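# Breakdown of the fold
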Amino acid sequence: QGMIDPPRIEVAPLIAECVKSGIRVVMITGDNGATAQAVAREIGITGGVLTGGELEKMSDTEFERIVENVSIYARVNPGVKMRIVQALKKRGHIVAMTGDGVNDAPAIKAADIGIAMGITGTDVAKESSDMILLDDKFSSIVSAIEEGRGIFHNIRKFIRYLLSCNIGEVIIIFFGVIVLQELVLTATMLLWINMVTDGIPAIALGMDEAEEGIMRHKPKVFQADIVNRELWAEMMIFGFLLAAGVIGIFIIDLPQGIQKAQSAAFLALVMFELVNIYLIRSNYKTPFFSNKWLFISIAVTMGLQMLIIYTPFLSGLFGLVQVDLLDWIYIFAVSGLLSLLYKVIQPQIDRLSPGEA
């Protein structure tokens, strides 16, 4: 009589996806070595085979020398599982360990990310874990990795949008007071921008879906600092470009009165910050219409902006006057120029973090 517990159909494609993503999958089983190797071959795990008995005869130093080449461990006991986790961690890997039994608990606890089975898992394994799979499926781990990568990118988008806009606003106020000896934006305008233009789209930006092909990136991209040199350069450069565009329209309109210049600068700043959202999302290859909440937030922001500029009562509260056609032409022209300049500069910025490519 021949008996087999066949691998789940979806596992092989998921293993292949992990390999493309730079995620190494290691099999640890109590089965015979030949059986383990046959199953591993079927699901796409390649590498050397080592039994628990062979590993126990090795010193930690000897094992650490070969651990990179071994992907299949057979006839293992709880102590061996611990040594595997510890050896991989010493080699600089971030280790996730899955298991369901009491004997898996020590290794699950020792791993960077302990994952227990929610259905078949024992209470001890669940208590030792950082994460519990409610469906006991390997696919859920891959989905969690993809979701985590998307969250990592969204945090970067959120920070880049808020800080680059705030850097631009600081430069505008500083330059206006020190050089022009004029207040380019009033306190009321700045408060409105921080509450509405910066706040609403930034929150919606954090709800973006993960970019297409995010699992093709190497893990190193997502193990770096959230605010790295590249992100600082992006924020500073766009901040300066944004400030230059706003100060430019302020200077052009200043002969027509301070209120006219402030109104044009106020509108220009809001528009340029919305352009910033497009530039940020284009860097991450995010589908243009994938986030309905972002487009709703942009529409709401623009609607409110038009309301306070062209409604006499509200414009009076903000100290604004109506913006004419020439100002709109200037704003759209500079928006296009900002996008073009940034696209030209972007390849140079990308070189600041070559290790994350």
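The residue numbers shown here count from 1 along each chain, following its written sequence. The predicted nature of this model means local features are confined to residues of pLDDT at least 70 and side-chain atom pairs, given and counted, to a pLDDT of 80 or more, with totals for whole chains, interfaces and linings taken over all residues. The basis for the side-chain values is all heavy atoms of the structure; hydrogens and waters are excluded.

### Side note on the pattern of salt bridges
Salt bridge, as used here, is a side-chain nitrogen of Lys or Arg placed within 4 Å of a carboxyl oxygen of Asp or Glu. Across all of its chains, the model carries eleven salt bridges by this definition. Two residues, Arg83 and Asp60, come together in a salt bridge whose shortest N-O distance is 3.1 Å. Of this pair, Arg83 sits in helix H5 (residues 78–90) while Asp60 sits in helix H4 (residues 60–66); the two residues are 23 residues apart in sequence, bridging distant segments of the chain. A relative accessible area of 18% places Arg83 in the buried class. Ionic pairing is found between Glu234 and Arg160, a salt bridge with its closest N-O pair at 3.6 Å. Residue Glu234 is located in helix H11 (residues 229–253), and its partner Arg160 is located in helix H8 (residues 138–180); the two are separated by 74 residues in the primary sequence. Summarising the burial analysis for this pair, Glu234 and Arg160 share the class buried. Overlapping salt bridges, with partners in common, bring together Asp253, Lys260, Asp324 and Asp327 in one network. Under the DSSP-based scheme used, a helix requires at least four consecutive residues in state H or I and a strand at least two consecutive residues in state E, with every element numbered from the N terminus. Throughout this description, buried means an accessible area under 20% of the type-specific maximum (1.4 Å probe, protein chains only), exposed means over 50%, and partly exposed covers the range between.

### Side note on the sheet that holds strand E1 (residues 27–28)
Remark on secondary structure: sheet strands pair via backbone hydrogen bonds, oriented parallel or antiparallel. Pairing between strands is defined by DSSP: at least two bridges between them are needed. Here three strands make up an open sheet; going across it, the order is E1-E3-E2 and the pairing parallel. Single-partner strands in this sheet number two, and they are E1 and strand E2 (48–51). Judged from the two bridges that link them, E1 and strand E3 (residues 70–74) form a sheet pairing that is parallel. What sits directly across from Met27, in E3, is Ile72. Across the sheet, helix H2 (residues 33–43) touches E1, E2 and E3, and the angle it forms with E3 is around 135 degrees. We call two residues in contact when some of their heavy atoms are within 4.5 Å. Each axis is a line fitted through C-alpha atoms, and for a helix only the stretch in contact is used; angles between axes span 0 to 180 degrees, taken between their N-to-C directions.

### Description of the nonpolar core
By convention a nonpolar core is built from buried Ala, Val, Leu, Ile, Met, Phe, Trp, Tyr and Cys residues, the set being connected through side-chain atoms within 4.5 Å. Core analysis: the biggest nonpolar cluster contains 56 residues, and Ile172, Leu185, Val246, Phe266, Phe272 and Ile331 have the highest contact counts within it. Residue contributions to this core peak at 15 residues, all from helix H12 (residues 258–283). In this structure Ile172 touches Val184, Leu185, Leu242, Ala243, Val246, Ile247 and Leu269, once residues within four positions along its chain are discounted. In this structure, Tyr73, Val85, Ala87 and Ala111 belong to the second largest nonpolar core, which totals 19 residues.

### What to know about unusual backbone geometry
Positioned with a positive phi, Asp136 is a non-glycine residue whose angle comes to about 55 degrees. Looking at the secondary structure, you find Asp136 in the loop between strand E6 (131–133) and H8. Judged by relative accessible area, Asp136 falls into the buried class, the value being 11%. One non-glycine residue, Gln181, lies in the positive phi region at around 55 degrees.

### Quick notes on the packing of helix H9 (residues 187–197) against H12
At a minimum axis distance of 11 Å, the contact between H9 and H12 shows a crossing angle of 20 degrees. Between H9 and H12, the crossing angle belongs to the class labelled roughly parallel. In the crossing of H9 with H12, the sense of the turn from one axis to the other is right-handed. Each of Met189, Trp192, Ile193 and Thr197 in H9 lies in contact with H12, whose residues at this interface are Gln262, Phe266, Leu269, Val270 and Glu273. Residues are grouped as follows: Ala, Val, Leu, Ile, Met, Phe, Trp, Tyr, Cys and Pro are nonpolar; Asp, Glu, Lys and Arg are charged; every other residue, Gly included, is polar. Its residues placed into classes, the contact of H9 with H12 shows six nonpolar, two polar and one charged. To sort the angles, those under 35 degrees are grouped as roughly parallel, those over 145 as roughly antiparallel, those from 65 to 115 as roughly perpendicular, and the leftovers as oblique. Should the near helix be turned counterclockwise from the far one by less than a right angle, the crossing is left-handed, whereas a clockwise turn marks it as right-handed.

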